[in-house]
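# Coordinate inspection notes
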Amino acid sequence: MYEVVVIGGGIAGLAAAHALGSADDVRVTVLEGSAVVGGKLRVSDIAGLPVDEGAEQFLVRPSDALDLVRAVGLGDDVVHPVAIGASVWTRGRLRPLPGGTVLGVPADPWAVARSGVLSPGGLARAGADAVLPRTPIGEDISVGAYVRARVGAQVVDQLVDPLLGGVYAGQADHLSLAATVPQLDAHVRRHRTLLGAARAAREATGPIDGPVFASVRGGLGRLPAAVVASMPATIRTGATVREVMQTQRGFRVVVGDTRDPQPMHADAVLVAVPARPAARLLSGVSPAASELVGVLDYASVAVVTLAYQRADVPALSGTGFLVPAVVGRTTKAVTYASAKWAHLDGSDLIIVRASVGRYGDEHVLQRSDADIAVAVEADLAAVIGLRAAPVATRVTRWGGGLPQYAPGHVDRVRRARAALPDRLAVCGASYDGVGIPACVRSGRDAARALLGVLRQSDRGRDEEEGA
């Protein structure tokens, strides 16, 4: 029986434990330093309604997250948005986000023109993409640098940056094209124009039948508990890992307070915590991997949830809106949660969720919860005319919540993994993507790779003993 320790009980670590637990010859222990598992998947009541405090939805394609949701018994509770369409606050008012983009990069210039997001000058500059010579990319380039070179600053500021800000809380000029928009990166190396690359990327995904996003009735924060309930793993919360050291038989994992360390044996270890604690744990087994992992930076964000009396809320259109950083407001994105999800509708209350915090703009989060909520209320009044006071407010802070994939990220991750000893792996948002499907896939793939290494090493030992 193999003893495998998973360090970190976020969704990547839980997905890894779920994959490991399906093997008859593995005993899994998950060590989570905080009081609960789930990481950024958490649901709690506001004004009597269960509302997610972190991630609220996942992409249906690729199907990694949906497959896990179904595998742990929540398939009957899968829900999809009942409203569609978002807007962007630009040029003095809300304008519809144009369709046919790849994370804001236009694939359909006519849709962009109809949306009114760009000024006439901005549209003219974007059209220069058709005649400009190929833009050098090298091994990697920032999304902002490449898109600005092809279609101009307005596309970056009004479309790409707001969408990347919503996903990564980052700035397009500091985010890797290869890591954050991989579906586009492959095609910009084959096409001279950005428009041609974006069209090819859209066509490569094929037609999308049915909803793009999904969640779980009662909140996506229900998923971690369902994963735990579905597998035989041992879950230890409040279990801070102090050290990981390699031994002749595997690894020594030290858990607990420095005054009362509790060593554990592991045949294999999977590290599924953010980059900085991961770098600390890796320092004893691979200084090279530790250094490569430790350079990853993070953005801090806050989610402000507000409940309003239905009678006080003006008519809302779509699922919400984005606010470009160049506008200079506190709020970067707003979701009309009650309009988007049927399980949050039907009461006398309207739930609105707002996101605050961008990379390099951490001073916004140095204010008190009350001050942040007031700033969000002011933005809602200015943008959609919602001037009534909320009946309940919740501010959830996610310090260092979102990794920032700087150019060269993909290569750094490859080199870090190559420097790790056998039977030790890393997974999670620090490496392979911040979305729920990416985290699930990262954990599952790392678990399967570890199982393969364990069984291969035993086969090799058996062959040597039989020789």
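Anyway, here's the lowdown on the structure attached to this text. (Residues numbered from 1 in each chain as written. Predicted model: local features only at pLDDT ≥ 70, side-chain atom pairs only at ≥ 80, totals over all residues. Heavy atoms only, no water.)

Take a nonpolar patch on the surface next. On the surface, a nonpolar cluster with roughly 210 Å² of combined accessible area is contributed by Leu-59, Val-212 and Phe-213. By secondary structure assignment, the location of Phe-213 is in strand S11 (residues 213–216). (Patch = residues over 30% accessible without salt bridge, like charges linked within 9 Å, V, L, I, M, F, W, Y side chains within 5 Å. Areas by Shrake-Rupley, 256 points an atom, 1.4 Å probe, with all protein chains shown as cover. Salt bridge = Lys/Arg side-chain N within 4 Å of Asp/Glu carboxyl O. Helix = DSSP H or I, 4+ residues; strand = E, 2+ residues; numbered from the N terminus.)

Inspection of every chain in the model, using the stated rule, returns 22 salt bridges. Between Arg-189 and Asp-185 there is a salt bridge, with its nearest N and O atoms 3.4 Å apart. With a relative accessible area of 38%, Arg-189 lands in the partly exposed category. Residue class for Asp-185 comes out buried when judged on its relative accessible area of 10%. (Buried < 20%, exposed > 50% of the residue type's maximum accessible area, 1.4 Å probe, protein only.)

This part takes up unusual backbone geometry. Arg-61 connects to Pro-62 through a cis peptide bond whose omega is 0°. With respect to the element layout, Pro-62 can be found in the loop between strand S5 (58–59) and helix H2 (64–71).

It is worth spelling out the sheet that holds strand S17 (residues 297–309) at this point. Pairing within the open sheet is mixed, and its seven strands lie in the order S8-S7-S18-S19-S20-S17-S21. Single-partner strands in this sheet number two, and they are strand S8 (93–96) and strand S21 (392–404). The mean inter-strand angle of the sheet, taken between neighbouring strand axes irrespective of direction, is 30°. Bridge count for S17 against S21 is ten bridges, and the pairing is antiparallel. Within the sheet, the bridge partner assigned to Ala-307 lies in S21 and is Ala-392. Taken strand by strand, helix H14 (residues 369–384) contacts strand S7 (86–90), S8, S17, strand S18 (320–322), strand S19 (331–335), strand S20 (349–356) and S21, and its axis lies near 65° from that of S17. (Pairing = 2+ DSSP bridges. Axes fitted to C-alpha atoms, helices over the stretch in contact; angles between N-to-C directions. Contact = heavy atoms within 4.5 Å.)

It is worth spelling out the packing of aromatic side chains at this point. Inspection of every chain in the model, using the stated rule, returns two aromatic pairs. A ring pair is formed by Tyr-168 and Tyr-405, whose centres lie 5.7 Å apart and whose planes are at 65°; its orientation type is edge-to-face. Separated by 237 residues along the polypeptide, Tyr-168 in helix H6 (residues 153–168) and Tyr-405 in the loop between S21 and helix H15 (409–418) bring together distant segments of the chain. For the pair shown, Tyr-168 and Tyr-405 are each scored as buried. (Phe/Tyr/Trp six-rings, centres within 6.5 Å; stacked < 30°, edge-to-face > 60°.)

The next point concerns the pairing of strand S14 (residues 250–255). Burial analysis of S14 places five of its six residues in the buried class, which makes it a mostly covered element. Pairing of strand S13 (residues 241–247) with S14 involves six bridges; the strand directions are antiparallel. Note on S14: the bridge partner recorded for Gln-246 is Phe-251. The hairpin turn running from S13 into S14, its antiparallel successor, is two residues long. The pairing of S14 with strand S15 (residues 262–266) spans five bridges and is classified as antiparallel. By the bridge assignment, Val-255 is partnered in S15 with Gln-262. Hairpin remark: S14 followed by S15, antiparallel, with six residues in the connecting loop; positive phi at Gly-256, about 105°.

On to the nonpolar core, then. Grouped together as the largest cluster of nonpolar side chains are 67 residues, with contacts concentrated most on Ile-7, Val-147, Leu-184, Val-271 and Leu-282. Counting residues per element, this core draws most heavily on H6, which supplies seven residues. Residues Ala-12, Ala-23, Met-231 and Cys-439 belong to the second largest nonpolar core, which totals 47 residues. (Core = buried A, V, L, I, M, F, W, Y, C linked by side-chain atoms within 4.5 Å.)

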